[in-house]
Structures are given as structure tokens and as C-alpha cells.
Amino acid sequence: MSLYRLLSLRYLFHRWDRAALIVASIALGVATLVSARILNAMVETATNQTTTPLGIGDLYVSNGELGVPRNVADDLDRAEIPGVASVQPLVVERVTLPVLANRPAVLVGAELSAQLLKENNTLGVKVHATGAFNLFGGRLVSVSRSVYDAWQQTGAKKNDPFPVKYGTKQIDCVVVAVLDIADDSPLAGLGQNVVGMELGQAARFIRAGPPDGGAAVAGTLAEPAWEAMFPPRVNRIDLYLTSEGKADRDRVQSAALAVVGDRARVNTPEVQGQSTKEIVNGLQLGFLLCSAGAMVVGLFLVYNALAVTVAERRHDIGILRSVGATRPQIVWMFAFAAVALGVIGATLGVPLGIGLAKATVAQFRVELGTSFLNADVHAGWPTVGTVGLAVLAGVATSVLAAIVPSVQAAYAEPADAVRRVPGVVGGAWRTAHRAACASLVAGGVALIFTRHDLPPRVGAFGGMMAALIGLLLAAPIFVGLFVRLLHPLLRRVLPIEARLAADNLTRSPGRTGVVIGALGAGVAVMIQTAGVGKSNEEPFVAWLDQMIQADQYVFSDNLMSATWSQAPMEPRVVEQLREVPGVDRATGLRFVHPEYNGTIVFLIALDCRTFAEAVSSRGAGPPDLEKYKRVSGTRVLVSDNFAVRHGVKPGDVLLFPGSKGNVALTVVDTVVDFSWNRGTIIMDRTAYAKQFDDDRVDLCHIFYKNPDDAATRKRVAAVLAKFGLQSTDRTTLRTFLSELVNRMYVLAYLQQIIVGVVAALGVVTALLISVLQRKRELGLLLAVGATPGQVIRSVLAEAVLMGVFGTILGILIGLPLQWYVLKVVLFEESGFTFDVLVPWKQAAAIAIGAITVAALAGLLPAIHAVRTRITDALAYE
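All values reported here derive from a predicted model rather than from experimental measurement. (Residues numbered from 1 in each chain as written. Predicted model: local features only at pLDDT ≥ 70, side-chain atom pairs only at ≥ 80, totals over all residues. Heavy atoms only, no water.)

### Focus on the overall build of the protein
Phase 1: For the protein, the helix and strand inventory stands at 33 helices and 23 strands.
Phase 2: Per-residue burial over the protein gives 53% buried out of 877 residues.
Phase 3: Nonlocal contacts in the protein, meaning residues at least 24 apart in sequence, comprise 82% of its contacts between residues at least 6 apart. (Helix = DSSP H or I, 4+ residues; strand = E, 2+ residues; numbered from the N terminus. Buried < 20%, exposed > 50% of the residue type's maximum accessible area, 1.4 Å probe, protein only. Contact = heavy atoms within 4.5 Å.)

And the structure:
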């Protein structure tokens, strides 16, 4: 160990700048891995909390966002199924607290039990009575400690009303208890903003009440009559099993399904989360692929940096071999240094990854907070497993990169190494390199062609990554071919400095090819991202322009909450807006995400005929607008991608559990719709309310007779103020939706910039090798009269040529990659069919950026080259 510390660590301290490059590359790769795993864990946790909050049951009776009739729980109770210990219906919805500046909270409605008052209850909460009295007839609620403390800080007294708002509906409550939630409680996943309510009160609160005047006409019969028309619904029913029931869960599930019938589904916890994971896995895989790309490019850089060490220490290696050092000792000397650098880089990469994850969440905080049930979405700390994997990945990357140069150095003959002449890669190494590249490309292609016989996404994504890595590893072969083909032309058109650089590339395609491959990787991924973004954005924006034709859009809370059904409005809002003088038409929309065919789809309940007539009266709308007039009753439209993904055609019947059994929806036609990547169903809103006992509205389109009539807009504003609603115009809504898509691609670009930074560091190390290996040549140039400026220009010209070749390679790989992502990956993931649009402007900007980065990266090696003393350079051999 003393010898290794002397030969390895002291050298690293002596060449601290090169060691810093290696550490930086490993740290960036590890950072992307850590951030990807943090973001994946956050998304998975938040999604599970949204789809299966308080997921501690043994079986779940559910129907996505359509909900389950409350009487299903009563039927299960009466059935007394052997093995079922208890039946627990739940209401879990997003609400806001007006007294706390509309702070988001989670309403949990459950059947009250004396178990909750015990110290060791299943929910892991401690209940503390506030001593408040129900002086004004408000509903009784319990709130989490953070909510209660914040309310008290406003100066409120314990008997003051505590308002809770769900969409447009607001009630005053009495806080009778405070909940201290343990860290391991099922409620902890919902954040510290929990409002608990008795199940029946919660179920009545979240649904729309009788229309205005109903109570005056029907008196005390209004509420029962309304419940008969729209029976109370709950989000989910949890079944807790006895030990015997858990042992024979399949039998209990079958018995429960016999009781539930067509009104809902009975799922195990594994199946319950499967549809959610099916969507989340795609996003998670995207994060991991970005981190894998950074790690691969980092591997190239570390290999290149360690190749610098081998080139610089050939004389030392020759002396060591001459005095008896064995080949394994030489290999271990470099491996020891690689392990040390890998540990340092990984240690720095972990906090960098945490910061990167937090920055990503901050960029999309509003969208994430609104999309999930728990608005308090944040990037948590990495687990011990994530930290261990990150350190292992960093060290493994460094050691793998050190293997090839260290083995090459160990197997060099001592006499050749002592001469300090740059070594020539033998035929065996070339053969192994070509075989590895061919194997990766062939294996990737084989995975792609057999992807339908493999687990989901393994063939499509795994094959793409294997083929891409194989092509990038083959960069030295491509570079040698490019240079040989272009060399005659370059000798005629380039100045002397650039010709010298081209000659050097011709002599050493293996050295520069690795870095050109890294540059090509960054350019290819950016070209692919830009192309996919353009191919997606243009048809999406064109579709938005066709569909968004109303003069004003009304919603509660914010636009994101409207599209995610987090703040519905009462249906009377639409009716009152229709009656405003000057309003031509008003259409209501309800958005829900039910389960179908093992995944979550999007159902839009819309006043279809009113919408079609209003849009067509403007002389606008999509080409298939007339199809909307055919929607009535249970006759529905489906999006093109729904038909592709689920194998549906006009005339087919879709079954969804309803309050009285299966609801059969007949597909009358398909339309273009980009609302949801798992498919969209468009249904008449009146029929939807009847079939699924839900007449709430998430968004309202208002069409004016005269859009410039200020008096009409003032009357509409008065109605909105009455219900506490928000509104926006056509242009703002279009901009909001377009920017939402663009920001998703900004996130992809941010992760790819890391790849570009790593590739730029690779240019620095490659040119350092060039300066070391050309030390005598550069000394000769200076001795015969070359100026320092000419030497600098020669080195910079080599950097520019590397940038040019890397850009060409990136474009040649990026465009087919774009085609593959659009025509294979996206089509199989979403069913959308997009034309391949080449991003000419973005490609030009990316090319200029890549070449500029390469040129700037060559400055340090160029300055290092002219600092060499001529006498030292001439005496190098």
C-alpha cells in the first residue's frame, strides 16, 4: 500500500487538474442518477397517494375517479363474508381552507371508531380534543396539528367556525380534535394538511346539493329526494381480512366480487397500483435513461482521462516493469487511483443530485402540487439504497474506464515503454473493440425486433440504449473513415494549422473517436429531443387552436386543478351563466380518470351538441367537429390513440362499472384528441350524470353573442364572484397549455446539458493527450519558427474538427433516433401517430453550440502546449 500511495495518490495530487476532471465527470453522472431516483420515488409516492390514499387494506373496492356507491359497503357488511374482518368505506378528496389563504388540504371521510382513541391505533395518530362546542350547527372535523396551529395563529378561537371549501361548495365546520400524525402513519403520506370528517358528512359535502329553490319547494324532503336521484358515493372501500382470510385471499376476493357485481371492481393491492405504475413507469424510465446517458458519457471521459495518465506515465511504467513489477501490479496501480477518484466523485455527486432534484421540482411545483392529491409535493432525501447504488455506480464507472488503458499499459514491452513513444493499439484490441460494437448494435436490434415477446419497455428502450451505446463506441471507426475520406479535401482548403490538426486526427482516430462519440451522444440526444418536441408540438398547438374557440373559460381554484378534477363546480353555475343576457351558449365539462383495460384513461363529459354548434357558428373547429353532434346518451366518441391502444373500432362497446351495474358505452366514431396519452372518451354530460351519479362540472366554456360587449362581461363577472370562481380568455388558455408542454421538454434539455458538459470535459482531456503525445512534434514546430499563436491555432483547429465530426455523428444518429422514438416508442406508449418533422433551426443551434463548446474546451490544452520549453520537448524521447 505504501508503494501504491507513492505511485498513485502522489501522482493524482501532482496532476490535480486532471483528477478534478475525472471527479467532475463522475460527480455529474452520479448526480443525474441520484436525482432520477429521487424524482422517481417522489412521483411514485405521490401517484400512489392520489390513486390509493391510505393504502393499508387487504382488498380494495374501487372504480378510479368514478367512485363507488356508498350502499356497496352496506351490502358487503350484510353479506358477512368469511375472512373479512371489517369493511371501511373512504372519502378522500382535495379541499382548500379559505381561512388559511386557501391552503390545500386533504379531506378524509371515514366511519368513526373508538379504535381511533386508543394509543396504538392502525392509523398511527394521537387524538387531542379541543373542547370546542357545536354552537352554530357546523360539521364536526378533526385537523392535523400543523393546520390547527396555523389557524390559531390567525387569532381564531376554538369555537370559531372553520370553513372548508370543495370547488364552489363551502361549509363551516367545528374543530373538535387535533391529530398528531406519526411519521409511519398512513396519513403521513398525505402531508400535514389533513381534515378528518365523519363518512356520511364527507360524502354529502363532496357532491352537488339540490338546485336553488329545491328546499323551498320540497321542504324537508329535498335532501332525501336528491339522495334518491344521486346516491352518495365514496372514493374507495377497503376490506380488512382476518388471518384466515389473508391465507385464502383469492376466495375472499371472489366472494366480495359476487356481492359487488358490476358496480365496481375488487382488486388486490398489487393490481390496484398496477394501472398507475403502468403510466408512471414511462416517466420513471425516461429519468433513468437520462441518468444512464450521463453515466455512459462520463465513462468515455474517465477512460480518456486515464488514457492521459497512461500516455504521460509510459516511462514510469517501463521502469517499473524493468525492475520487476508484474502486470497485475501495474493494473492495480491504476485501478487503485480509479477507485479513489470514483469514491470522491460519487461522494460529491450525491448532494449535487439532491440539489438537481429539488431544482427540477421547483421548476414544476405548481403543476405537481395540483396534479396530485397531496399538494405538498417535494423531493425527499435519497434512501440508503440510492446512496449505496450511486457510490457503487461511480466507482464501477471509474474502474471500468481504467481497465482498458491499464491493461494496455501493463502488456506493453518494457523497452518500448521506456522510450516514451506513444504506443500503437494491437490487432487484438482492435478486433475486440469491433466485436464489442457489433455485438451491442446487433443485440440492440434483436431486442427491438423481439420486443413484443419481452417484458414491457425492455425491448423498445433496452434495444435502443444497447444500439446507441454500440454506435457511440464505434465512433473511432467512423472517425477514421470520415478523416480518410475527407483528408484530401481538407489538405486543399484548410490553412496550415488546420491541416496539421487534420493530420493528427488521421494518426489517432482511436483517441479522438472516444471524445467525438461523447460529443455525438450529446448532439444526438438533443437532436432527438428537439425533433420529437417539434413533431409533437406542432400538431398539438394546431389541435388547441381548433378546439379552444370559446370567449371565456370558467374554473375554480386554477387551471391545473380544473383538468385534474380537484376543484369541481356545482352544475347550477353553467345554468346561471346560460341565463345571462348576452351569453350565446355555455357548455360544461367534467373530467374523470377511470380505469379501463388495465390502465387509467381520460373521460370527458361534455355538452357535445351545444359545443359543436357554438364552435361551428364561429366558422372554426376541427375537421371532425360534426362527429360531436352524434354523441348522445351512451353513444360516445373515442380518440384515435384510444382506438389504437385498446383495439377499439366504431360499433364496439366499452363497459364501465356504474351505480346500478355496468354502463355500456357504444363507440360511434373516432376523433383527433391529444388530451391523454392512454386514450380519451368523449361522452354527453347529461348521460354521464345519469349513469354515474355525478353532475359536477370542472370547466365551463362561455360563448358571447358579442365578445366586445362590456356589459355582458360585467354581468358574467358578477355570477363568477357569487360562486368565487376564476376565469381566463382564449389566448391565455392556449398559451398556458402550450407552455406546459414546452416546459416538459425544457426539463429534458436541462438533463441533457449535463451530458454536454461531460462531453466538453472529454474534449479537454483528449486534447491533453494530443499535446502529450505530440510534445516532440510541437517542440520541433516551435524550433523551426512556428509562432505560439500558430501552435495554439493548430490545437484549437483540432478541437473544432472534433466538434464538427461529433456534430455530424450526432445528427446521423439523432435523426434515426427521432424516427424510432416517434414511430415505435411513442406510438406503442400512447397510440399517437406523429409525422417526423426535422428540427432544422434547433439542429443548427445545437451544431453551433457543440462546435463552440469544443473550441472553448481546447483553450486550456492549447495554452499548455505553448508553455512547453523547446529543449524539453526535443529531449522527450
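### Comments concerning a nonpolar patch on the surface
Phase 1: Taken together, the side chains of Leu481, Leu485, Leu486, Leu489 and Val493 make up a nonpolar region of the molecular surface, amounting to roughly 470 Å² of accessible area.
Phase 2: Note that Leu489 resides in helix 19 (residues 475-493). (Patch = residues over 30% accessible without salt bridge, like charges linked within 9 Å, V, L, I, M, F, W, Y side chains within 5 Å. Areas by Shrake-Rupley, 256 points an atom, 1.4 Å probe, with all protein chains shown as cover. Salt bridge = Lys/Arg side-chain N within 4 Å of Asp/Glu carboxyl O.)

### What to know about the pairing of strand 4 (residues 103-110)
Phase 1: Where strand 3 (residues 84-97) lies against strand 4, eight bridges are found, and the strand directions are antiparallel. Looking at strand 4, one finds that Val95 is bridged to Ala105.
Phase 2: Hairpin connection of strand 3 to strand 4: five residues between the antiparallel strands, including Ala101 at a positive phi of 60 degrees.
Phase 3: Bridge count for strand 4 against strand 9 (residues 194-198) is five bridges, and the pairing is parallel. In the strand pairing of strand 9, Val108 is matched with Gly196. (Pairing = 2+ DSSP bridges.)

### Brief notes about the environment of Leu100
Phase 1: Mapped onto the elements, Leu100 comes out in the loop between strand 3 and strand 4.
Phase 2: In the structure, Leu100 is positioned 53 residues away from Gln153 in sequence and 9.9 Å away in space, judged by C-alpha atoms.
Phase 3: Setting aside chain neighbours within four positions, we find Leu100 in contact with Val147, Ala150, Trp151 and Thr154.

### Thoughts on the confidence of the model for the protein
Phase 1: Summary statistics for the protein give a mean pLDDT of 79 and a share of 77% for residues scoring 70 or more.
Phase 2: Confidence, expressed as mean pLDDT per element, reaches its minimum in the protein at helix 6 (residues 214-218) with 45 and its maximum at strand 18 (residues 635-639) with 95.
Phase 3: Of the regions scoring below 50 in pLDDT, residues 212-219 engages in five contacts with residues more than four places distant in sequence or in other chains. (pLDDT = per-residue confidence, 0-100.)

### Here we look at the sheet that holds strand 23 (residues 726-729)
Phase 1: If you trace the nine strands from one edge of the open sheet to the other, you get 19-20-18-21-17-14-22-13-23, paired in mixed fashion. The sheet terminates laterally at strand 19 (653-658) and strand 23, the two strands that pair on one side only. The average undirected angle you get between the axes of adjacent strands in this sheet is 30 degrees.
Phase 2: Note: strand 13 (residues 552-555) against strand 23, four bridges, orientation antiparallel. By the bridge assignment, Phe555 is partnered in strand 23 with Gln726.
Phase 3: Relative to the sheet, helix 26 (residues 685-692) contacts strand 14 (583-592), strand 17 (602-606), strand 19, strand 20 (661-671) and strand 21 (680-684), its axis offset from that of strand 21 by approximately 95 degrees. (Axes fitted to C-alpha atoms, helices over the stretch in contact; angles between N-to-C directions.)

### Some points on the packing of aromatic side chains
The geometry of an aromatic ring pair comes down to the distance between the two centres and the angle between the two planes.
Phase 1: Counting across every chain of the model gives 14 aromatic pairs.
Phase 2: Ring geometry for Phe591 against Phe602: centres 5.6 Å apart, planes inclined by 25 degrees, an arrangement best described as stacked. Taken together, the residues Phe591 in strand 14 and Phe602 in strand 17 connect sequence positions eleven residues apart. Each member of the pair, Phe591 as well as Phe602, is classed as buried.
Phase 3: Here Tyr596 and Phe656 contribute two aromatic rings whose centre-to-centre distance is 5.4 Å and whose plane-to-plane angle is 35 degrees, an arrangement assigned as tilted. Residue Tyr596 is located in strand 15 (residues 595-596), and its partner Phe656 is located in strand 19; the two are separated by 60 residues in the primary sequence.
Phase 4: According to the relative accessible area criterion, Phe656 is buried, its value standing at 0%.
Phase 5: Cluster of aromatic residues (ring-pair linked, three or more members): Phe540, Trp543, Phe674, Phe832 and Phe834. (Phe/Tyr/Trp six-rings, centres within 6.5 Å; stacked < 30°, edge-to-face > 60°.)

### A word on the pattern of salt bridges
Phase 1: One pass over the full model with this rule turns up 24 salt bridges.
Phase 2: The salt bridge partner of Asp551 is Arg730, with a shortest N-O separation of 3.2 Å. On the criterion of sequence distance, the pair formed by Asp551 in the loop between helix 21 (509-547) and strand 13 and Arg730 in helix 28 (residues 730-773) is long-range, its members being 179 residues apart.
Phase 3: Since its relative accessible area comes to 7%, Asp551 is described here as buried.
Phase 4: In this structure, the salt-bridge partner of Arg585 is Asp584, at a minimum N-O distance of 3.0 Å.
Phase 5: Among the residues examined, Arg585 registers a relative accessible area of 24% and is labelled partly exposed.
Phase 6: Classification of Asp584 as partly exposed rests on a relative accessible area of 33%.
Phase 7: Among the charged side chains, a salt-bridge network with shared partners connects Glu575, Arg578, Asp607 and Arg685.

### Some remarks on the pairing of strand 18
Phase 1: The buried fraction of strand 18 amounts to four of the five residues, a majority that puts the element mostly inside the structure.
Phase 2: Judged from the five bridges that link them, strand 18 and strand 20 form a sheet pairing that is parallel. Its bridge partner being in strand 20, Leu637 is matched across the sheet by Asp669.
Phase 3: Here strand 18 pairs with strand 21 via two bridges, running antiparallel. Bridge pairing in strand 21 links Leu637 to Ile682.

### Observations regarding the environment of Thr32
Phase 1: Following the sequence through the fold, Thr32 ends up in helix 2 (residues 16-51).
Phase 2: Each C-alpha atom of the pair Thr32 and Ile354 lies 9.3 Å from the other, and the pair is 322 residues apart in sequence.

### Digging into helix 5 (residues 199-206)
Phase 1: Inspection of helix 5 places Leu199, Ala202, Ala203, Phe205 and Ile206 among the buried residues, and these make up the whole buried set. The buried side chains of helix 5 occupy one side of the element, clustering within an arc of 160 degrees when seen end-on. (Arc of directions from axis to C-beta.)

### Focus: unusual backbone geometry
Note: most peptide bonds trans; most residues except glycine with negative phi.
Phase 1: Within the chain, Glu80 stands out as a residue other than glycine whose phi angle is a positive 50 degrees.
Phase 2: Within the element layout of this structure, Glu80 appears in the loop between helix 3 (71-79) and strand 3.
Phase 3: A positive phi is found at Asp693, a non-glycine position, where the angle reads about 55 degrees.
Phase 4: Here Asp693 lies in the loop between helix 26 and strand 22 (699-704).
Phase 5: When its relative accessible area of 9% is taken as the criterion, Asp693 is described as buried.

### With respect to the side chain of Glu93
Phase 1: Mapped onto the fold, Glu93 is located in strand 3.
Phase 2: Within the buried set, Glu93 has no salt-bridge partner at all; the shortest N-O distance to an opposite charge, 4.9 Å, is to Arg696. (Lys, Arg positive; Asp, Glu negative; His and termini not counted.)

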